[in-house]
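Architecture at a glance
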Amino acid sequence: MPGTPWWKTAVIYQIAVSSFADSDGDGRGDIRGVIEHLDYLRGAPGSLGVDAIWLTPVNRSPLRDFGYDVSDYRSIEPRFGTMNDFRELVDACHERGLRVITDLVLNHTSDEHPWFTASRSSREDPRRDWYVWRDGRGPGRPPNRWRAVAEGSAWARDPRTGQYYYHAFLPFQPDLNWRNPAVQDEMLDVARSWLEFGVDGFRLDLINHLYEDERLRDNPLKPGVRPYLAQRHLYDHSQPESLEVAARLRAIADAHGERVLLGEVFSDDWQDCLDYLGDGTDRLHLSFYLDFVRQRWSARGFHDSVDWLEEQLPRAAWPCYYLDNHDLPRSLSRLGGGRHALARAKVAAAMLLTLRGTPILYYGQELGMPESRVPHAALDDPIGRKFWPLRVGRDGCRTPMQWRSGPGAGFTTGVPWLPVDPSASTRNAAAETGDPASLLSWYRDLIALRSATPALRIGEYRALPGMPRDVFAFERTDGDERVVVLLNFSGSRRRCDLRLHRSWRTLLSTHGCDAESAALAPYEARVLDARLHEGPGTA
Ligand code: ISL
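The structure reproduced in this document is the subject of the present report. Keep in mind the model is a prediction, meaning the values are calculated, not measured.

**Digging into the environment of P400**
Looking at the element boundaries, P400 is found in the loop between helix 14 (382-387) and helix 15 (429-433). A sequence separation of 120 residues divides P400 from L520, and the C-alpha atoms of the two residues are 36 Å apart. In this structure P400 touches S19, Y363, M369, F411, P416, L418, P419 and V420, once residues within four positions along its chain are discounted.

Structure representation (structure tokens):
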């Protein structure tokens, strides 16, 4: 689409590298596994048709937090492959018109990173100031009351020097000290070097956490179900200095042509998510919108969430929606519905792929992979292990990709690093590919329709008023083109007064394209062509 940057019209597919495809039988997914499955994603008959992949971190890492604990930003984790493998992946993707986004973890490193090993060795070490070290307030008392996102104090005492280091997440993930210009130079250079390598952009982990208040002021307390949520996070994240880094990263990205910066702005204040977009041209290109993903199964809830973002976003900024990722219980299970879960999943897919904005899919979402119950003995996620059995961890959404039935589910010939979910016997890519009624076919049809329809890719969004409760209806318009989307969130028929006063025809429906009635079937998702230039119509 001339004049429109690729990331605005792209469908992004998130690949959790450990979980997607294992090429060497060691039970863990790897880069060659991704290379071997590119036909599934794009460029072959029957491909899903996505435009970009986002890979969870592939840098060298002890993998104690799924790769979000980097020990060398300039090399590839051997369990994932080699630099040559990664080169081959990027080239192979580019040959088929698929962009590659990698995760970049700027906030913290692994405690096994040589920088941290040096930093903790003595107060005089030249790397000391690469991390955030402070004295405690007295015996057993950390410097302040800040909590880690993963709970507990955000400070860990290191016996060697008697000082505390700050960690926004887990103790083995010490925060880098972004107030040190050497840290900043190094990390921005890391970003630059991967762009020069040829990656098309970054997903920026915890980008609003880079800086903390210099005076370490305590956060005011508020009611909350657990200690982290019982603080108003005025001082430990979303400091103005992090916005400046976002702007600096934008300048670096823009200097390399059309690249994308997708920020994980982790905050319960949605305004923070907007702040990182600036005016739409000067900070990040996209940021995750957490309110959307927190919605329960409710047409009104999603409608309000979308409308809020549409109203608040600066004109030049662009929305970004997702329902699943590697930290969340899978939407198939989260959005409920019991035996209607797959019907709901189709409605959710239609919403995600027809809203104005860049949609992000998570591997296996298109197959209807459920949240898996991983037995305690098999848990890998440090959060899952820490809080078991009180809180569900993140392993349930990270089980192996379900390529086909049978042992290893086509993911591995060895012993998978997490157990394959039992649903793999019926719910898998091989079985769903040839089934026109499958969720996979529905995703493929929606993506194809989206690619072929400018109004869906770049058109304006307007919610349609006067619809029954349980129906989320909106239109997307571009020039003369008008597409109406009707999403019935209920398990009953819903009559819609379309008031189109123009001819319309069904482009796609969960219930077949002959669905021309003004009533929506239970859990029907329907996309209508309602062109503006046609005469008085049939509706
Ligand atoms: O997973 C969560 C809670 O259990 C989220 O709240 C998560 O902590 C938050 O989204 C930040 O996540 C990111 O940074 C973490 C990493 O573990 C996550 O996988 C990543 O998405 C630390 O790098």
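**Some words on the environment of P454**
Position of P454 relative to the elements: it lies in helix 17 (residues 454-458). Assessed through its relative accessible area of 27%, P454 is described here as partly exposed. For the pair formed by P454 and T510, sequence separation is 56 residues and the distance between their alpha carbons is 21 Å. Sequence-distant contacts of P454, defined by excluding residues within four places in its chain, comprise M1, G459, D478 and E481.

**Overview of helix 11 (residues 299-312)**
Its 14 residues place the ends of helix 11 20 Å apart at the C-alpha level, agreeing with the 20 Å of an ideal helix rising 1.5 Å per residue. Within helix 11 the residues assigned to the buried category are A299, G301, F302, H303, S305, V306, D307, L309 and E310. Structurally, helix 11 contributes buried residues whose contacts are with helix 9 (270-275), helix 10 (290-293), strand 12 (320-322), helix 13 (341-354), strand 14 (460-463) and strand 15 (471-478).

**Some points on the sheet that holds strand 10 (residues 260-263)**
Sheet architecture is open: 8 strands sit in the order 11-10-9-5-2-1-13-12, paired in parallel fashion. Lying at the two open borders of the sheet, with one neighbouring strand each, are strand 11 (286-287) and strand 12. For strand 2 (residues 52-55) and strand 5 (residues 99-104), the ladder comprises 4 bridges, and the chain directions are parallel. Bridge assignment links W54 to a residue of strand 5, and that residue is I101.

**Here we look at the site of the ligand**
For the ligand, the set of nearby residues contains 15 residues, the closest of which are D65, F169, D205, E264 and D327. H108 places a side-chain nitrogen or oxygen 3.0 Å from an oxygen atom of the ligand. A distance of 2.9 Å separates an oxygen atom of the ligand from a polar atom in the side chain of H326. Notes on the ligand: free accessible area 500 Å², of which the protein chains cover 90%. When grouped by side-chain class, the residues that make up the shell around the ligand number 6 nonpolar, 2 polar and 7 charged.

**Details of the packing of aromatic side chains**
Aromatic rings in a pair are described by how distant their centres are and how their planes are angled relative to each other. Evaluated as defined, the whole model comprises 29 aromatic pairs. Note on F20 and Y363: the rings are 6.5 Å apart at their centroids and 85° apart in plane angle, and the pair reads as edge-to-face. Taken together, the residues span a long stretch of sequence, with F20 in helix 2 (residues 17-20) and Y363 in the loop between strand 13 (358-362) and helix 14 at a distance of 343 residues. Where W297 meets F489, the ring centres are 4.3 Å apart and the plane angle is 35°; that geometry is what we call tilted.

Analysis parameters
- Residues numbered from 1 in each chain as written.
- Predicted model: local features only at pLDDT ≥ 70, side-chain atom pairs only at ≥ 80, totals over all residues.
- Heavy atoms only, no water.
- Helix = DSSP H or I, 4+ residues; strand = E, 2+ residues; numbered from the N terminus.
- Contact = heavy atoms within 4.5 Å.
- Buried < 20%, exposed > 50% of the residue type's maximum accessible area, 1.4 Å probe, protein only.
- Expected span 1.5 Å × (residues − 1).
- Pairing = 2+ DSSP bridges.
- Near = heavy atom within 4 Å.
- Polar contact = N/O pair within 3.5 Å; in protein donor to acceptor, adjacent residues only side chain to side chain.
- Areas by Shrake-Rupley, 256 points an atom, 1.4 Å probe, with all protein chains shown as cover.
- Nonpolar A, V, L, I, M, F, W, Y, C, P; charged D, E, K, R; others polar.
- Phe/Tyr/Trp six-rings, centres within 6.5 Å; stacked < 30°, edge-to-face > 60°.

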